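Examining the three-dimensional arrangement
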Amino acid sequence: MDFYLVGPIFIFSYLENKLYKTGMTPLFVFLFPLTIAIILAELLDNSLNLKEYKILIFNVSLIWFSLGVLIRLFFLLFPIKQKKIDIKKFPKLFYYIQILVLIPLLITTIKAIFLLGITNIKGKARGIFAHIYILFSTFYLIPFYMNKKKFKKVYFIMTIVALLLHPKYETFLFLLPLFFYQTYKSRKIFKFKVFIISLSLILLMFIIFFLTYYLNFKINKLDYEFSDFLSFLIKHVQYYFLSPIYIGEYLLKYEKYGNPEVVVAPFLNIINWVQGDRNYIDTTLTFIDYLGIHSNVGGLIPELIYSIGKSGMYIFVTILAIYSYIVENLLLRNEIWIFTSLILKATLFLCFFSNVFSVLGYVERILGTMLITIFIIIYQIYQKSEYSKKHKKLK
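These numbers come from a predicted model, not from an experiment. (Residues numbered from 1 in each chain as written. Predicted model: local features only at pLDDT ≥ 70, side-chain atom pairs only at ≥ 80, totals over all residues. Heavy atoms only, no water.)

**Things to note about the overall build of the protein**
Cut-off, in case you're wondering: Strands here mean DSSP runs of E at least two residues long; helices mean DSSP runs of H or I at least four residues long; both are numbered from the N terminus. Residue burial is assigned from relative accessible area. The probe radius is 1.4 Å, only protein chains are included, and a residue is buried under 20% of its type maximum, exposed over 50%, and partly exposed in between. The criterion used for residue contact is that any of the two residues' heavy atoms lie within 4.5 Å.
Check the secondary structure of the protein and you find 14 helices and two strands. Counting the 395 residues in the protein, one finds 51% classified as buried. Look at the contacts in the protein between residues 6 or more apart in sequence, and 76% of them connect residues 24 or more apart.

Dropping the structure here:
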């Protein structure tokens, strides 16, 4: 059955890569991590029955591939004119945006440390500065896209140190776009260089886990032999990455048992906040014990089925596919859309883990990056028109 799961995804991804030439395409980043996780879970535990899960993934891959082709054809037949902006020659506006990322990140980190202590700040950075950081965070990657070695070293060191004190997903949302940018530059997925970069990413993720837990152990003065710590870490990483497959299988048995409002919780919670209602929708899945696994994450597809059923899941992933491929086509016409594309792909990649689209921080990043990108395009048009007016007056 694994061939019937892996085969179509590889074939669809290969064809999409030929059609789009943007490195790793939406379908690949969305479904490939999930496919690998399922194969690993089955190899390590033959008690799992993932046949239904595999059929769902195949159906979703077919929907995404078909929509990717149709939307590409639409953009080819009805081209949208855009002002092209060279990503390596950004206006000064981008440097101000970087300040709007770095300063709020440091302020929220320092504030959380003072209020809660360094051992208790994970996931506790809140307030207006935290939201400013989230909205502009994708643009923090600008120095990495430009040929500025001084910027790269300083930003990389400061960001890794700061993000080690925040939830792990913050670090992933910082590193994954950098990785996807490398595949975007090579324009190909099935390439030896991309394979090496992929292995490097896996190693880097393990290093992040190592440093996070090692620092946590040291800060909390937990006395462990290094070999015992390493053994614990390897088991924990295995448990951490494969638990969504176990819980996902469990959730597929309970269609529409969950709260359907979770699917649109980020938007409903914003409305509640505006209205002064602090009774927010809790998007956290309750912990489930299944086949020796105790976890509260089950992957996007099973969590959607648990909340809104199979029909609702297919509608949701169809809307997500349409949005993803529209962004991908806009990127082909104007490189300014690279930021929206990269943060969207990073979020799609993490969908194997949980329904990340129910969490405000993820949605805020994607929509915030999109709106800022639109503002920059409008700002560039305005600048051009002002320049044209001055030029006419001089004549």
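**What to know about the environment of Phe-349**
Note on placement: Phe-349 falls in helix α13 (residues 338–349). Looking at Phe-349, the relative accessible area reads 17%, which means it is buried. Expressed as a C-alpha distance, the spacing of Phe-349 and Phe-28, which sit 321 residues apart in the sequence, is 8.6 Å.

**Some thoughts on the pattern of salt bridges**
Put simply, the test is: One speaks of a salt bridge when a side-chain nitrogen belonging to Lys or Arg is within 4 Å of a carboxyl oxygen belonging to Asp or Glu.
One pass over the structure, following the stated rule, counts three salt bridges. The salt bridge partner of Glu-52 is Lys-310, with a shortest N-O separation of 2.9 Å. You can see Glu-52 sitting in helix α3 (residues 51–77) and its partner Lys-310 sitting in helix α12 (residues 300–333), a full 258 residues away along the chain. On the basis of relative accessible area, Glu-52 is assigned to the partly exposed category, the value being 33%. Here Glu-328 makes a salt bridge to Lys-345, at a shortest N to O gap of 2.8 Å. Highlighted residues: Glu-328 in helix α12 and Lys-345 in helix α13, separated in sequence by 17 residues. For the pair shown, Glu-328 and Lys-345 are each scored as buried.

**Considerations on the packing of helix α2 (residues 26–44) against α3**
Selection rule: Think of each axis as a best-fit line through the C-alpha atoms, taken over the contacting stretch in the case of a helix, with angles from 0 to 180 degrees between the N-to-C directions. If an angle is under 35 degrees, it is roughly parallel; if it is over 145, roughly antiparallel; if it lies from 65 to 115, roughly perpendicular; otherwise it is oblique. Working rule for handedness: look at the near helix, and if it is turned counterclockwise from the far one by less than a right angle, call the crossing left-handed; if clockwise, right-handed. Note that Gly is not counted as nonpolar here; it falls among the polar residues with everything else outside the nonpolar set of Ala, Val, Leu, Ile, Met, Phe, Trp, Tyr, Cys and Pro and the charged set of Asp, Glu, Lys and Arg.
As a packed pair, α2 and α3 sit with axes 11 Å apart at the nearest point and diverge in direction by 165°. Put simply, α2 runs roughly antiparallel to α3. In this structure, α2 meets α3 at a crossing whose hand is left-handed. On the side of α2, the interface is formed by Pro-26, Leu-27, Phe-30, Leu-31, Leu-34, Thr-35, Ile-38 and Glu-42, while α3 contributes Tyr-53, Lys-54, Ile-57, Val-60, Ser-61, Trp-64 and Phe-65. Classifying every residue of the contact of α2 with α3 by side-chain character gives eleven nonpolar, two polar and two charged.

**Points about the environment of Leu-285**
Its location among the elements puts Leu-285 in the loop between α11 (265–274) and β1 (288–290). Discounting residues that sit within four places of it in the chain, Leu-285 has contacts with Ile-247, Leu-251, Asn-296, Val-297, Gly-298, Glu-303 and Tyr-306.

**So, the confidence of the model for the protein**
Quick note on the threshold: One number per residue, pLDDT, summarises how confident the predictor is, and it ranges from 0 to 100.
Per-residue confidence for the protein gives a mean pLDDT of 78, with 69% of residues at or over 70. Model confidence for the protein, summarised as mean pLDDT per element, is weakest for helix α7 (residues 149–163) at 59 and strongest for α12 at 94.

**A word on a nonpolar patch on the surface**
Our working definition: For patches, a residue must show more than 30% relative accessible area and have no salt bridge; joins then use 9 Å for like charges and 5 Å for nonpolar side chains, namely Val, Leu, Ile, Met, Phe, Trp and Tyr. Per-residue accessibility takes into account occlusion by the displayed protein chains alone, with areas from the Shrake-Rupley method and a 1.4 Å probe.
Taken together, the side chains of Leu-70, Leu-73, Phe-74, Leu-76, Leu-77 and Phe-78 make up a nonpolar region of the molecular surface, amounting to roughly 650 Å² of accessible area. Tracing the sequence through the fold places Leu-76 in helix α3.

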